[in-house]
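Read off the chains here:
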Amino acid sequence: GQNIDQPTEMTATEGAIVQINCTYQTSGFNGLFWYQQHAGEAPTFLSYNVLDGLEEKGRFSSFLSRSKGYSYLLLKELQMKDSASYLCAASNFGNEKLTFGTGTRLTIIP
Amino acid sequence: EAQVTQNPRYLITVTGKKLTVTCSQNMNHEYMSWYRQDPGLGLRQIYYSMNVEVTDKGDVPEGYKVSRKEKRNFPLILESPSPNQTSLYFCASSTGQGGTEAFFGQGTRLTVV
């Protein structure tokens, strides 16, 4: 099985940088997804890491360390619209099963 | 437009009255799944399907049924709903190849009274 941990809530200031951490304990781990979910809406894909290291995509970057069971999502130049929940999800090798963390609710303040 | 469509978006029903939530995708995806989302518990997988006529239990399958007779459709059936099935439900689909993103439907908010 999989156990995913991430902080419940975070607050950050508009224009700043925030890092959301995720740790996982897994069997058959394949890769790590990050999704964004605005309140009452569907999750939308942000990033996927399968190799160790940093993947950069515009204002968002995601990092994975397989040996430490650790990932983070880095958001730069924060905007008010970035207020949302950020979901960390681990995928299993050999199938498409995703196990989600409980999500981190990020609030951006002016 | 590539999308996953769920219906209905909102549903209030009474205990024991059978209901079906439909899910359809137009991306020819092989893998489809159902999740429920509850405060403090995150998204939990109910059932998944890796292809037509191939379904399997996820983490919280009790009280639910699914079928996959066609590639595009993956309905979720509650034979005898109970109040503890009040939740926000999401259908998702993906290609079935490792590392590809899952596309989610807009969600169905179900209340069982």
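Refer to the preceding data block for the structure.
Nothing here was measured: the structure is a model prediction, and the numbers come from that model. (Residues numbered from 1 in each chain as written. Chains lettered and ligands numbered in written order. Predicted model: local features only at pLDDT ≥ 70, side-chain atom pairs only at ≥ 80, totals over all residues. Heavy atoms only, no water.)

A separate point is the interface of chain B and chain A. The interface is formed by 22 residues belonging to chain B together with 19 residues belonging to chain A. Taken over both partners, the interface formed by chain B and chain A buries close to 1,600 Å², and the fraction arising from carbon and sulfur atoms is 56%. When the area that chain B buries against chain A is broken down by residue, the three leading residues are L43, G99 and F104 of chain B, summing to 27%. Linking chain B to chain A there are zero salt bridges. Counting across the interface, chain B meets chain A through two residue pairs in polar contact (both at pLDDT 80 or more). Where the side of chain B that touches chain A is concerned, the elements lending two or more residues are β4 (31-38), β5 (42-51) and β9 (87-94) of chain B. (Contact = heavy atoms within 4.5 Å. Buried area = accessible area lost by both parts, 1.4 Å probe. Salt bridge = Lys/Arg side-chain N within 4 Å of Asp/Glu carboxyl O. Polar contact = N/O pair within 3.5 Å; in protein donor to acceptor, adjacent residues only side chain to side chain. Helix = DSSP H or I, 4+ residues; strand = E, 2+ residues; numbered from the N terminus.)

Right, let's get into the nonpolar core. Within the largest apolar cluster, 21 residues are counted, with the highest numbers of intra-cluster contacts made by L32, W34, L75, L78, Y86 and L106 of chain A. At the level of secondary structure, the elements contributing two or more residues to this core comprise β3 (18-26), β4 (29-37), β7 (60-65), β8 (70-75), β9 (84-92) and β11 (104-109) of chain A. Counting residues in each nonpolar core, the second largest holds 19 residues, with M32, Y47, V60 and Y89 of chain B among its members. (Core = buried A, V, L, I, M, F, W, Y, C linked by side-chain atoms within 4.5 Å. Buried < 20%, exposed > 50% of the residue type's maximum accessible area, 1.4 Å probe, protein only.)

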